[in-house]
Amino acid sequence: MTPRFLNLELHCHTVFSKDGLMTFESLSRTAQTLGLDALAITDHDTIEGAKDFGERAQAKGLPLQIIVGEEKTLSDGSHLIGLFLQKHIESGEIKAAIAEIEAQGGICLVPHPFRKSDGLLRTDLERLHLFQGRTAGFELFSAKCSYAENRRAGELLATSLSPFGGSDAHYESDLGESLNVITWEGNLKTSLQRMLQRKAPFRILGKAQLEGASERAYAPLYYRFKKFMKVPRPFLPLAKQCYRWYRNHKHGVGRKPLVEVYAHP
């Protein structure tokens, strides 16, 4: 019997993140256009968006499955993702944060491991031993990271961590820039665990990156001149929505041409 495969997004943000702009309606509509079966909402330092969106999707009878996740900012500024959470991750220390995630029956993911600003392994590879013997993953391909950062992440394929891909989407146009095609194993959590244990076939797809490509940047011109010319606070919501419209129009919302980044077996 031919196994059923799921199209899965494992790293995206909503309006519940301070830098996210996707509403429930726009996220669910874009996910349907992309043919996503499931996605993990990993807002910064909160699970409220994931819980809210999951409840609304279920109430509307949408086929889209939503994983409750969180991208936790640790005390040193690095990021750690927890999936299948019941409550917010309280600790800012890595060992305690991992323990909290596992106590909830959750799964740990290491996003953009070598990103200069917040990669968990950017300065300390010794942290790898904390995941030894655990079902955990690292972001082999981040659609937001630079070519060099993604290339370095490939070095982790030789470790016990298993790879995954993430769009790190903050806008609708970002969603679908990376995709995990995983084998259905009876339920979503088991399917993801089997992927991260490398016990079932899966593929990671991502947008093509040219050598030397830089990190995805949002409103670079604004941030260049921000210290000289700030948008007045009352106009910030409107400015953000205008930029959202501009970015979605410029880059397009919907299916993207993807290439295979990794396949197992």
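In what follows, the accompanying structure is described. (Residues numbered from 1 in each chain as written. Predicted model: local features only at pLDDT ≥ 70, side-chain atom pairs only at ≥ 80, totals over all residues. Heavy atoms only, no water.)

This part covers the pairing of strand E5 (residues 107-110). Of the two faces of E5, the one lined by Ile107 and Leu109 and the one lined by Cys108 and Val110 are each fully buried. With three bridges connecting them, strand E4 (residues 79-83) and E5 associate as antiparallel partners. Directly across from Leu83, in E5, lies its bridge partner Ile107. Both E5 and strand E6 (residues 136-142) contribute to a ladder of three bridges, which runs parallel. By the bridge assignment for E6, Val110 is matched with Phe138. (Buried < 20%, exposed > 50% of the residue type's maximum accessible area, 1.4 Å probe, protein only. Helix = DSSP H or I, 4+ residues; strand = E, 2+ residues; numbered from the N terminus. Pairing = 2+ DSSP bridges.)

This brings us to the sheet that holds E5. Overall, mixed pairing links the 10 strands, which are arranged E7-E6-E5-E4-E3-E2-E1-E8-E9-E10 in an open sheet. One side of each edge strand has no neighbouring strand; the edge strands of this open sheet are strand E7 (162-166) and strand E10 (258-264). Neighbour to neighbour, the strand axes of the sheet diverge by 30° on average, direction disregarded. Sheet strands touched by helix H3 (residues 94-103): E4 and E5. Its angle to E4, the strand with the most contacts, is close to 10°. (Axes fitted to C-alpha atoms, helices over the stretch in contact; angles between N-to-C directions. Contact = heavy atoms within 4.5 Å.)

The next subject is the packing of aromatic side chains. Here the structure, examined in full by the defined rule, presents six aromatic pairs. Each ring, one from Phe16 and one from Phe53, has its centre 6.1 Å from the other, and the planes form 85°; the classification is edge-to-face. Within this pair, whereas Phe16 is found in the loop between strand E1 (5-12) and helix H1 (24-34), its partner Phe53 is found in helix H2 (residues 48-59), the two being separated by 37 residues in sequence. When the centroid spacing of 5.8 Å and the interplanar angle of 35° are considered together, the rings of Phe202 and Tyr262 count as tilted. (Phe/Tyr/Trp six-rings, centres within 6.5 Å; stacked < 30°, edge-to-face > 60°.)

So, about the pattern of salt bridges. Overall, the coordinates contain 15 salt bridges when judged by the stated rule. Among the ionic pairs, Glu177 bridges to Lys207, the shortest N-O distance being 3.7 Å. Separated by 30 residues along the polypeptide, Glu177 in the loop between E7 and strand E8 (178-183) and Lys207 in strand E9 (residues 202-207) bring together distant segments of the chain. With relative accessibility at 11%, the residue Glu177 sits in the buried group. For Glu260, the salt bridge identified is with Arg203, shortest N-O distance 2.8 Å. You can see Glu260 sitting in strand E10 and its partner Arg203 sitting in strand E9, a full 57 residues away along the chain. Overall, the relative accessible area of 46% leaves Glu260 in the partly exposed class. One continuous salt-bridge network, built from bridges that share partners, spans Asp174, Glu177, Lys207, Arg216 and Arg247. (Salt bridge = Lys/Arg side-chain N within 4 Å of Asp/Glu carboxyl O.)

Cysteine pairs can be covalently joined through their sulfur atoms, and such a bond is termed a disulfide. Using the criterion set out here, one finds zero disulfides in the structure. Cysteine Cys12 is unpaired, with the sulfur of Cys145 as its nearest cysteine sulfur at 16 Å. Cys145 sits in the buried class, given a relative accessible area of 1%. (Disulfide = S-S within 2.5 Å.)

In this section: the pairing of E7. In terms of residue burial, E7 counts as a mostly covered element, since five of its five residues are buried. Burial along E7 is two-sided: Ser162, Phe164 and Gly166 and Pro163 and Gly165, pointing in opposite directions, are all buried. Following the chain from E6 across helix H4 (residues 147-153) to the adjacent parallel E7, one finds a crossover that is right-handed. (Right-handed = clockwise from strand over helix to strand, strands pointing away.)

Membership of the largest hydrophobic core comes to 63 residues, with the highest contact counts inside it found for Leu10, Leu39, Leu80, Leu83, Phe131 and Leu192. The residues touching Leu80, leaving out its near neighbours within four places in the chain, are Glu70, Glu71, Lys72, Leu74, Ala97, Ile98, Ile101, Cys108, Leu109, Pro111, Leu120 and Phe131. Listed in part, the five residues of the second largest apolar core include Leu21, Tyr218, Ala219 and Tyr243. (Core = buried A, V, L, I, M, F, W, Y, C linked by side-chain atoms within 4.5 Å.)

This part is about the packing of H1 against H2. Viewed as axis vectors pointing N to C, H1 and H2 meet at an angle of 65°, and their least axial separation amounts to 11 Å. For the element pair H1 and H2, the recorded crossing hand is right-handed. Within the contact between the two elements, H1 uses Phe24, Glu25 and Leu27 and H2 uses Phe53, Arg56 and Ala57. For the contact of H1 with H2, the per-class residue count stands at four nonpolar, no polar and two charged. (Left-handed = near helix turned anticlockwise from the far one by under 90°. Nonpolar A, V, L, I, M, F, W, Y, C, P; charged D, E, K, R; others polar.)

Geometrically, the link from His264 to Pro265 is a cis peptide bond, its omega value of 0° lying close to zero. Residue placement: Pro265 occurs in the segment after E10. In this model, Phe84 sits at a positive phi of 60°, which is unusual for a non-glycine residue. Within the secondary structure, Phe84 is located in the loop between E4 and H3. Residue classification places Phe84 among the buried positions, given a relative accessible area of 15%. The backbone of His112 shows a phi angle near 25°, a positive value even though the residue is not glycine.

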